[in-house]
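Breakdown of the fold
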Amino acid sequence: MVEMKRDSGTLTVVLPERIDTNNADGIHREIMECDAFPASERIIFDAMALEYISSAGLRMFLSIRKKKNELKIINVNDVCWQIFEVTGFAQILDIERVLRFVSLDGLEVLGRGRNGSTYRLNPEMVLKVYNSVKSQGEANRILLNVRQAFVRGIPTMIPFEVVETPDGLGTVFEMFEAECFSTFITSHPEKTEDAAKTIGNLALKLSSTDLTGSGVMSRRDLLLWSIQEVEGLISEEDISTLRYYVESAPNRCTAVHGDLHARNIMMCNGEYLLIDMDDFSYGHPVWDLAAIDRVYNLLVKLDTQLMYETYPIPEGLTVDAWVTKVVQVPLYQREALWKGITDCYFEKLSTDDREKCLALIDFYTLFLILMEVVEMCRNVRNDPEALADRKQVFEKLLNLLREQDFESLKGAFDLWNV
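Just so you know, these numbers come straight off a predicted model, no measurement behind them.

On to the environment of Asn22, then. Position of Asn22 among the secondary structure elements: in the loop between β3 (18-19) and α1 (24-32). Distance from Asn22 to Gly57, taken between C-alpha atoms, is 9.9 Å for residues 35 residues apart in sequence.

As for its placement among the helices and strands, Leu211 is situated in the loop between α7 (192-207) and α8 (219-228). Measuring from C-alpha to C-alpha, the distance between Leu211 and Pro166 comes to 34 Å, with 45 residues separating the pair along the chain. Among all residues touching Leu211, those that are not within four sequence positions of it are Arg152, Val216, Cys253, Thr254, Ala255, Phe280, Ser281 and Tyr282.

Under the defined criterion, the tally for this structure stands at 20 aromatic pairs. Ring geometry for Trp287 versus Tyr364: centroids 5.0 Å apart, planes at 80°, classification edge-to-face. You can see Trp287 sitting in helix α10 (residues 286-298) and its partner Tyr364 sitting in helix α14 (residues 351-379), a full 77 residues away along the chain. The burial state of Trp287 is the same as that of Tyr364; both residues are buried. A centroid spacing of 4.6 Å and a plane angle of 25° characterise the contact between Phe363 and Phe406, whose relative ring orientation is stacked. A residue pair is termed long-range when its members are at least 10 positions apart, and Phe363 in helix α14 and Phe406 in helix α16 (residues 406-409) qualify at 43 residues. For the pair Phe363 and Phe406, a shared accessibility class is recorded, and that class is buried. Three or more aromatic residues joined by ring pairs form one cluster here, namely Tyr244, Tyr245, Trp287, Phe363, Tyr364, Phe367, Phe406 and Phe413.

For the rest of this paragraph, the subject is the pairing of strand β10 (residues 116-122). Pairing geometry for strand β9 (residues 108-112) and β10, over 4 bridges, is antiparallel. Bridged to Glu108 within β10 is Arg120. Where β9 folds back on β10, the antiparallel hairpin that results is connected by 3 residues. Here β10 runs beside strand β11 (residues 125-130); their pairing, made up of 6 bridges, is antiparallel. By the bridge assignment, Arg120 is partnered in β11 with Val126.

Another point: the state of the cysteines. Under the counting rule described, the total for this entry stands at 0 disulfides. This cysteine, Cys357, is not joined by any disulfide, and Cys344 carries the nearest cysteine sulfur, 15 Å off.

Next up on the list: α8. Each α-helix turn comprises 3.6 residues. Residues three or four places apart therefore point the same way. Listed as buried for α8 are Arg219, Leu222, Leu223, Leu224, Ser226 and Ile227. For α8, the elements touching its buried residues are α5 (136-151), α9 (236-248), β15 (255-256), β18 (281-282), α10 and α14.

A few words now on α9. Here α9 contains 13 residues, and its C-alpha end-to-end distance of 18 Å stays within 8% of the 18 Å for a straight helix at 1.5 Å per residue. Looking only at α9, the buried set comprises Asp238, Ile239, Thr241, Leu242, Tyr245, Val246 and Ser248. Structurally, α9 contributes buried residues whose contacts are with α8, α10, α14, α15 (384-402) and α16.

Parameters and conventions
Residues numbered from 1 in each chain as written. Predicted model: local features only at pLDDT ≥ 70, side-chain atom pairs only at ≥ 80, totals over all residues. Heavy atoms only, no water. Helix = DSSP H or I, 4+ residues; strand = E, 2+ residues; numbered from the N terminus. Contact = heavy atoms within 4.5 Å. Phe/Tyr/Trp six-rings, centres within 6.5 Å; stacked < 30°, edge-to-face > 60°. Buried < 20%, exposed > 50% of the residue type's maximum accessible area, 1.4 Å probe, protein only. Pairing = 2+ DSSP bridges. Disulfide = S-S within 2.5 Å. Expected span 1.5 Å × (residues − 1).

Remember that the coordinates give geometry; whether it matters functionally is a separate question.
Structural data, given as structure tokens:
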């Protein structure tokens, strides 16, 4: 009834056009009695030809999953996907849809960043193509993140679908005529104070939004995963130190954007919408305040030579000029923004308690910069010379963190009642 082929530890089963009461038991028996089934570690069902599946077919997948936990269904069309989604199977099985292909030819480039490039698809839609997202599962996770943010009242673009492009996977979002908030800020320096309050209030909105039961990952788990990826490249002692810093931050169930600053805020029809939600998660608000601190405050205060060693700053360009180019906000406005944002965010705290929180934020800002270097180590793991260079920078940044009295700084977590 079905075509099966085994490659290494994976058994691939090509499904027929229909699976219903007439053939589900026969397909199930054929798979279970296949000589390759017991030795296979992973089962992949190729649903390219599948046009209909009944409840009998759904039960067949559950029965096989009891025998093989690593089960995946690929190339699912829209009709079958609706069946999986309505019945709840899309939440309990690993399922990949057939993605719509979108050509990038002739599309206007709206922006390029560390995580990807954004194109205008049509007057009401934009397309973000990811740089490092390689699996449909990861792209679907980002789509879920944005949907969860939207339904919980966090102002963001409405996501529609994951698509395939010549440059990789992307997500289509609704977007009317909008202006990047950083462009507005630099064009209206007289409104810098108001802009700071806007960003501060968005940070407060995030830190007061409960994501319990949302299915969104925690900031802690995302960071621990990144650390796990460089095991063997960095000493066990250093890995333990990184984990300790991550796990010391209380794992609150409140929203974290992950890269909050004016370039990731769009002004649209009088609203401020958050974009670039790739790292949206839940956790302690220190992670969002540290992301803002990195952009508007700490980068230009670090040792100049260390900055040149850490980032690809072009020769002849000052650190400030490079940061201004990346952030698209000049230094004098960045300083005003950082003060205004923290004044707004910590308005209810005493001056002394605010200073303690700011010191803790600076610590975790330096930690985020260190984690950027950790990511660089992972990306150059097959280039011994480049890896050695990144590890030297890593050790310098880690030593800066170790020089601080972290046990005293941790006390500021208890002051964080906003």
